[in-house]
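# Close look at the chain arrangement
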Protein chains: 2
Amino acid sequence: MQTIPYKTYLDESELPECWYNLRADMAKKPAPLLVPATGKPCTEADLAPVFCEELIRQELDDKTPLFKIPKQIRDFYRMFRPSPLVRAYFLEEALGTPAKIYYKFEGNNTSGSHKLNSAVAQAYYAKAQGLKGVTTETGAGQWGTALSMACAFFGLDCHVFMVKCSYEQKPFRREVMRTYGADVTPSPSMTTDVGRLINAEHPGTTGSLGCAISEAVESAVKTPGYRYVLGSVLNQVLLHQSIIGLEARAAFKKLGTKPDVIIGCAGGGSNLGGLIAPFMGEKLRGEADYRFVAVEPASCPSLTRGKYAYDYCDTGRICPLAKMYTIGADYIPSASHAGGLRFHGMSSTISELYDQGLMEAVSVKQTDVFAAAQQFARTEGILPAPESSHAIRAAIDEALKCKAEGREETILFGLTGTGYFDMTAYQAFNDGKMTDFVPSDADIAASLEKLPKVVGA
Amino acid sequence: MQTIPYKTYLDESELPECWYNLRADMAKKPAPLLVPATGKPCTEADLAPVFCEELIRQELDDKTPLFKIPKQIRDFYRMFRPSPLVRAYFLEEALGTPAKIYYKFEGNNTSGSHKLNSAVAQAYYAKAQGLKGVTTETGAGQWGTALSMACAFFGLDCHVFMVKCSYEQKPFRREVMRTYGADVTPSPSMTTDVGRLINAEHPGTTGSLGCAISEAVESAVKTPGYRYVLGSVLNQVLLHQSIIGLEARAAFKKLGTKPDVIIGCAGGGSNLGGLIAPFMGEKLRGEADYRFVAVEPASCPSLTRGKYAYDYCDTGRICPLAKMYTIGADYIPSASHAGGLRFHGMSSTISELYDQGLMEAVSVKQTDVFAAAQQFARTEGILPAPESSHAIRAAIDEALKCKAEGREETILFGLTGTGYFDMTAYQAFNDGKMTDFVPSDADIAASLEKLPKVVGA
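Presented here is an overview of the structure given in this document.

So, how was this worked out
Residues numbered from 1 in each chain as written. Chains lettered and ligands numbered in written order. Predicted model: local features only at pLDDT ≥ 70, side-chain atom pairs only at ≥ 80, totals over all residues. Heavy atoms only, no water. Pairing = 2+ DSSP bridges. Helix = DSSP H or I, 4+ residues; strand = E, 2+ residues; numbered from the N terminus. Contact = heavy atoms within 4.5 Å. Axes fitted to C-alpha atoms, helices over the stretch in contact; angles between N-to-C directions. Buried area = accessible area lost by both parts, 1.4 Å probe. Salt bridge = Lys/Arg side-chain N within 4 Å of Asp/Glu carboxyl O. Polar contact = N/O pair within 3.5 Å; in protein donor to acceptor, adjacent residues only side chain to side chain. Nonpolar A, V, L, I, M, F, W, Y, C, P; charged D, E, K, R; others polar. Core = buried A, V, L, I, M, F, W, Y, C linked by side-chain atoms within 4.5 Å. Buried < 20%, exposed > 50% of the residue type's maximum accessible area, 1.4 Å probe, protein only. Expected span 1.5 Å × (residues − 1). Least-squares fit on C-alpha atoms with pLDDT ≥ 70 in both.

Our focus in this paragraph is the sheet that holds strand S15 (residues 410–415) of chain A. As summarised here, the arrangement of the 7 strands in space is S1-S4-S5-S15-S10-S11-S14 (chain A), forming an open sheet in which the pairing is mixed. Of all strands in the sheet, those with a lone pairing partner are strand S1 (7–8) and strand S14 (360–364) of chain A, marking the two edges.

If you want it as structure tokens, here you go:
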């Protein structure tokens with residue numbers, strides 16, 4: 001028997017009591033959200049019609065390092081957390097690498113991903129504020145599922161705008177949300193002004209995440225007792241997701257070891273930001289050093305090929321502006337199978353850390369990603385989500401580099417979720433019919449030309 | 001914080017070292033398998049063309065109480081075991097019951113169910129015997145998925161005959177198996193004699209489990225280097241599944257408490273037999289007392305409305321005869337949504353225990369089952385498999401009885417798996433379109449009239 005077990009579970013009593021706010025340790029803070037009309041930083045009052053009060057406070061606070069997790073959220077967490085830190089012994093053996101590979105597995109809950117960590121927090125605060133319901137958008141469906149579960153638990157209405165192509169391709173995802181009592185509307189719909197406008201301008205469009213965001217925000221603002229919630233990109237989401245990194249770090253301490261390199265897939269940055277938070281904090285405070293690697297799809301390469309600039313988060317341009325690495329709010333990523341990574345921008349916090357050279361980024365093609373997913377499934381047993389498999393690809397590549405160079409590095413990657421609702425993608429791969437999409441330089445340049453001109457930015 | 005945690009995980013070092021063979025403690029043993037032509041008990045030689053050698057030894061041995069689990073199987077187990085024993089605090093709260101409800105959750109692995117416990121054992125012994133591959137059948141797809149995973153791990157070919165209606169209704173299940181490298185053939189097929197015969201006799205049939213078994217057995221016997229493996233009913237399967245009960249009992253000991261009543265869904269009996277094994281052993285040895293409840297679908301009620309008699313396990317009548325509670329090998333259960341519980345018979349061990357009055361059985365209707373599934377999903381977070389939800393229904397009913405009677409009973413039920421591939425069923429329920437099927441007495445009587453006449457039985 002190995003000294004280090006396959007799976008390390010913290011005890012429920014060791015569940016973190018606070019979320020960690022990485023921004024508090026950043027000397028140069030992420031740029032603030034701006035009001036598009038004035039170019040001025042958003043205040044609590046600006047955001048109050050859209051977001052829940054406590055979540056706005058979390059969003060704007062870049063000084064407080066720790067936020068206490070309310071008891072009801074911790075009780076909910078105890079249904080599926082602490083999540084295991086797993087040593088990938090069988091994958092190491094298959095690769096013949098001297099590297100030690102660990103993954104923090106967030107897929108052992110019905111939502112199928114880490115999204116539930118923030119969903120329960122956001123639903124809790126909405127309920128605590130006395131709201132009737134929340135609206136949101138979902139692409140791949142993981143966030144919508146997570147929010148439906150959290151709303152069912154706290155007795156909140158949940159209205160999900162689901163990107164139309166996902167709504168049609170993933171009827172089972174939709175059905176899980178309905179089982180949890182959520183209303184699911186394909187987007188663009190005819191129930192909002194922005195939806196009608198987009199349908200008129202692009203007849204027959206199958207939608208996009210940016211467009212669904214616009215509809216969800218409009219619906220929340222116009223419905224009494226409702227607010228809008230979002231599953232990625234925002235600071236508040238990274239704050240809630242810090243529980244991933246906090247648990248991972250505690251588990252490594254328990255094992256008496258630590259990672260050299262930490263790898264996460266990056267769409268809006270929710271998992272990556274949460275996974276790296278406490279480790280990056282140590283690095284910022286000069287207590288330890290780690291390498292951090294963001295992995296994005298070659299089809300939607302905001303960090304590796306985008307521009308660090310203010311941009312809209314949504315297609316309808318009704319949201320605040322965020323400074324981020326972006327390939328442009330108008331850019332429509334190809335219909336890749338990693339719906340959760342098809343966002344044109346990247347969390348402001350991740351963007352700022354990347355801009356400061358504190359982390360690396362790579363992009364990978366989806367056929368390579370699914371080859372890694374298949375190898376992982378066959379050796380480690382778990383069928384990974386396409387999004388998560390981006391991190392697997394990079395971790396395998398890193399482990400093979402260690403093999404070539406004879407290095408005994410310790411690798412940690414985030415296994416954000418399972419792929420049980422992504423079998424259409426696996427089928428394309430199994431049938432040898434999967435293709436790769438890489439945007440041309442001209443396409444990206446054309447999209448970036450349309451970035452908003454921001455007063456004073 | 002409660003004294004008892006939500007989830008109790010044993011340490012990997014506490015993973016059971018042996019499977020427990022309940023038959024060893026039974027004074028009156030389960031009836032032996034018989035060779036149909038002679039009516040004589042099957043010998044190792046009779047079974048050798050069909051099954052792996054070591055598995056035959058396990059099948060026929062009703063004296064040895066403990067079988068050591070080989071190291072490679074235990075290593076594989078460590079990827080997903082020990083599985084958690086969960087206290088259903090939120091369900092208790094929702095029901096307002098004084099009962100304490102626990103469930104042993106077997107769904108946190110990619111196969112989605114407890115089937116992986118026996119699949120890895122059977123694949124291991126097939127590999128150890130130097131075989132090239134194995135064949136099997138699958139209905140709902142959980143067993144086929146589990147076997148595909150185990151075969152991918154040990155480098156064995158895996159050929160799955162999947163009941164045609166499932167093959168067509170559950171393309172994603174099929175795709176998971178293909179991702180693990182399995183060949184999946186819809187049954188009845190034109191690749192076996194028995195398949196061609198059934199297709200000729202019943203043109204357009206969408207198949208049944210009994211028919212797929214016949215095809216898988218024929219294929220194994222006729223292909224050099226192949227054997228047949230089965231995911232339920234057999235003694236060897238109950239032996240492997242005893243790990244569920246052994247872990248549950250160890251976890252209860254750790255918590256300093258024990259169940260009063262143990263509830264499991266029952267199709268062929270693999271989960272139920274495994275869950276109750278060590279507890280029933282205590283009862284048989286006079287060390288403790290428990291109530292045991294088998295829960296079967298009203299549409300396929302072998303224990304509650306069948307006959308205890310020798311019958312065929314398969315439609316093609318090429319398998320040995322087993323003495324079991326059966327509604328007849330020719331009985332075609334209605335197309336309920338719990339494919340895993342649509343078997344006409346019941347494990348000989350469970351049947352014998354039931355016949356001796358050592359356990360109870362109830363049958364439940366599927367609309368009631370899905371109401372329980374929805375309530376469980378919304379309170380406990382996990383979206384259960386339709387099969388598992390039969391046990392949930394019975395556990396909730398028991399807890400409500402406790403409430404009515406003011407009793408503080410401790411209930412344990414087996415949550416065998418997740419329902420992520422069963423969303424068509426949930427959709428029918430969500431849309432109010434699910435119906436119930438209960439066979440008439442005349443239908444069952446007609447089926448039972450066709451039971452084989454067995455020499456000396």
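Before going further, it helps to spend a moment on the sheet that holds strand S1 (residues 7–8) of chain B. Residue and element names in this part refer to chain B. Pairing in this open sheet of 7 strands is mixed, and the strands run S1-S4-S5-S15-S10-S11-S14 from one edge to the other. The sheet is open, and its two edges are formed by S1 and strand S14 (360–364), each paired on a single side. Alignment of strand S10 (residues 261–265) against strand S15 (residues 410–415), held across 3 bridges, turns out to be parallel. When the sheet's bridge partners are listed, Ile-262 is paired in S15 with Leu-412. Across the sheet, helix H11 (residues 235–255) lies against S1, strand S4 (85–87), strand S5 (100–105) and S15, angled at about 140 degrees from S5, the strand it touches most. Strands S5, S10, strand S11 (291–297) and S15 of the sheet are contacted by helix H12 (residues 270–284), whose axis makes an angle of about 155 degrees with S10.

This part takes up the interface of chain B and chain A. Contacts between the two partners involve 47 residues from chain B and, on the opposite side, 47 residues from chain A. Across the chain B/chain A interface, buried area totals approximately 4,400 Å², and carbon plus sulfur atoms make up 57% of it. Seen at the junction of chain B and chain A, the total is 4 salt bridges. As a salt-bridge pair, A:Asp431 and B:Arg178 come within 2.7 Å of each other at their nearest N and O atoms. There are 27 residue pairs in polar contact (both at pLDDT 80 or more) connecting chain B and chain A. Sorting the residues of the side of chain B that touches chain A by element identifies helix H3 (71–77), helix H6 (142–154), helix H8 (171–179), helix H15 (366–380) and helix H17 (423–430) of chain B as the ones contributing at least two each. Top element by residues in the side of chain B that touches chain A is H8(B). It accounts for 6 residues. For the side of chain B that touches chain A, the class distribution of residues is 23 nonpolar, 13 polar and 11 charged.

With that out of the way, let us pick up the nonpolar core. By size, the foremost hydrophobic cluster in this structure holds 245 residues, and its most contacted members are A:Trp19, A:Ile263, A:Phe413, B:Trp19, B:Ile263, B:Met359 and B:Phe413. Counting residues per element, this core draws most heavily on helix H11 (residues 235–255) of chain A, at 9 residues.

The next subject is the side chain of B:Arg78. For B:Arg78, the position within the fold is in the loop between H3 and S4. A distance of 2.9 Å separates a polar atom in the side chain of B:Arg78 from a polar atom in the side chain of B:Glu12.

To continue, consider the environment of A:Leu400. As for its position among the elements, A:Leu400 is in helix H16 (residues 386–405). A:Leu400 sits 290 residues away from A:Thr110 along the chain, and the two C-alpha atoms are 33 Å apart.

Once that is clear, we can look at helix H10 (residues 209–222) of chain A. Residue and element names in this part refer to chain A. Here H10 contains 14 residues, and its C-alpha end-to-end distance of 20 Å stays within 8% of the 20 Å for a straight helix at 1.5 Å per residue. Among the 14 residues that make up H10, 12 are buried, leaving the element largely enclosed by the rest of the structure. For H10, the secondary structure elements touched by its buried residues are strand S6 (133–138), strand S7 (157–163), strand S8 (183–187), helix H9 (193–201) and strand S9 (226–228).

A word on the relation of the copies chain B and chain A. Mapping chain B onto chain A is achieved by rotating through 180 degrees and translating by 0.0 Å along the same axis, at an RMSD of 0.0 Å. Each copy turns onto its partner about a two-fold axis. Among all residues of chain B, the one whose C-alpha sits closest to the rotation axis is B:Asn108, at a distance of 3.0 Å. The fraction of interface residues of chain B whose copies in chain A are also interface residues reaches 100%, indicating that both copies meet through the same surface.

Taken as a whole and assessed by the stated rule, the structure comprises 64 salt bridges over all chains. One salt bridge in this structure joins B:Glu405 and B:Arg407, with 2.7 Å as the shortest N-O distance. With relative accessibility at 48%, the residue B:Glu405 sits in the partly exposed group. A cluster of three or more residues bridged by salt bridges with shared partners is formed by A:Lys7, B:Glu12, B:Lys71, B:Asp75 and B:Arg78.

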